[in-house]
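Coordinates in review
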Amino acid sequence: MTQQDIIKALSGVRYPGNKQSLVENDMVKDIRVEGDDVYFTLVFPKSTDPFIKSVVRMAETATEVAFPGVKVKGNVKVEALQGPSEAEKTPVEVLPGVKNIIGIFSGKGGVGKSTVAANVAIALAAKGFKVGLLDADIFGPSMPKMFGVEDSPLYMINREGRDWIEPIEKYGVKMLSIGFLVDKNNAAVWRGTMASNALRQLITDAWWGDLDYFIIDMPPGTSDIHLTLVQTLPITGVVIVTTPQEVALADARKGISMFKDEKINVPVLGIVENMAWFTPDAHPEEKYYLFGKGGGSELARQLDVKLLAEIPLVAGICEDVDNGRPSSSRLVADSLTGDKSTCNAEALAFGLLADGIVEQCEDRNRKLPPSRKVEVKR
């Protein structure tokens, strides 16, 4: 293992600020190998660069994957060409301009949670709200693909005397995803703490500005990421996405139980039953309940939460997100042109779901005190 071997491994790690590799940016220096220990220094433009932690972890992972058995963690030094300004030394409040933080959750994967999150965010924007969307599904980020911005670079923006990550905006939604920081063709081989730290950066080091709704596409299941989110942000409420299948409903119950736990205590705004039925295009009056019938409404009744929507299984919904144009984008076109013909049944269904979430959120804010972050007790 030589210095050139290490350089080759690090050449696959991109600096998110300009999408070039660490090697192309001349950010790697002082490489040395001592037995199984690998040491090197990463040079950043500023000591307050919001990408420092995630880039260091990606560099460590890339080296460990290329050379199994080597020790890198703790051996990487960081240098900066410029120190922090006075404004950057001052602690900032997390998301001070955001009114409502809504988590979109599912107990298991494959139920269409991300599709619902993307369409709800766009539908809210089409209704005139200021909306942000965070793809918090660290190990399966899908929002860049769904919004058709997979190859878009991230840029820095200077506000209030410091540099921030600037979210990408499309369909009226400000959006960030870990997918912008990693190669879309490679898995994110990160430990829980690495994923949690990267997620915190997307929240605290990004310029989200003033928002009415900040939508979080949470990863499926219950994990470190969910704890990171409730410890970092005062979440207004969560929306549970499930299918009528009993196995999906069982996992949804566990998720609702987690949020209702007295230590977490995040309000559940309601349940969305996705893939509720299938209707063939040739026979729009027919409904086929492929995954069972009424499971979502029964779960809502049992747990005393609201059933927000039943979304049918429609090929167009899948095709739209695959093409980077979620169904709700038609609502945006409608709001701009007034041409109702651009909307289809899928777009209108997500529009009604967005209305339901707004109603539940306003009701929650009238009846309950403002949310607080979960306190960590050791």
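Everything that follows concerns the structure shown earlier in this document.
Here goes a summary of the coordinates provided. (Residues numbered from 1 in each chain as written. Predicted model: local features only at pLDDT ≥ 70, side-chain atom pairs only at ≥ 80, totals over all residues. Heavy atoms only, no water.)

Quick word on the packing of aromatic side chains
Taken as a whole and judged by the stated rule, the model has 8 aromatic pairs. With a centroid separation of 5.2 Å and an interplanar angle of 90°, the aromatic rings of Phe-129 and Tyr-213 are classed as edge-to-face. With Phe-129 in the loop between helix H4 (113-126) and strand E7 (131-135) and Tyr-213 in strand E12 (residues 211-217), this residue pair connects regions lying 84 residues apart in the sequence. Plain terms: the ring middles of Phe-147 and Tyr-171 are 5.9 Å apart, the flat faces sit at 50° to each other, and that makes the pair tilted. Of the two residues, Phe-147 sits in the loop between helix H5 (143-146) and strand E8 (155-159) while Tyr-171 sits in the loop between strand E10 (168-170) and strand E11 (173-177), which places them 24 residues apart along the sequence. As far as the burial class goes, Phe-147 and Tyr-171 line up, both buried. Grouped by ring-pair contacts, the aromatic residues Tyr-15, Phe-44 and Phe-51 constitute a single cluster. (Phe/Tyr/Trp six-rings, centres within 6.5 Å; stacked < 30°, edge-to-face > 60°. Helix = DSSP H or I, 4+ residues; strand = E, 2+ residues; numbered from the N terminus. Buried < 20%, exposed > 50% of the residue type's maximum accessible area, 1.4 Å probe, protein only.)

A look at the pattern of salt bridges
Counted under the stated rule, the structure contains 15 salt bridges. Note that Arg-162 and Asp-205 form a salt bridge whose closest N and O atoms lie 3.4 Å from each other. Placement of Arg-162 in strand E9 (residues 162-166) and of Asp-205 in the loop between helix H6 (192-204) and E12 is noted, with a sequence separation of 43 residues between them. Taken individually, Arg-162 and Asp-205 each receive the classification buried, so the pair is uniform in this respect. Among the salt bridges present, the one from Arg-301 reaches Glu-298, with a minimum N-O distance of 2.5 Å. One end of the pair, Arg-301, and the other, Glu-298, are both in helix H9 (residues 295-303), 3 residues apart, so they sit about a helical turn from each other. Judged by its relative accessible area of 33%, Glu-298 is partly exposed. Each of Lys-113, Asp-137 and Asp-217 takes part in salt bridges that share partners, so that together they form one network. (Salt bridge = Lys/Arg side-chain N within 4 Å of Asp/Glu carboxyl O.)

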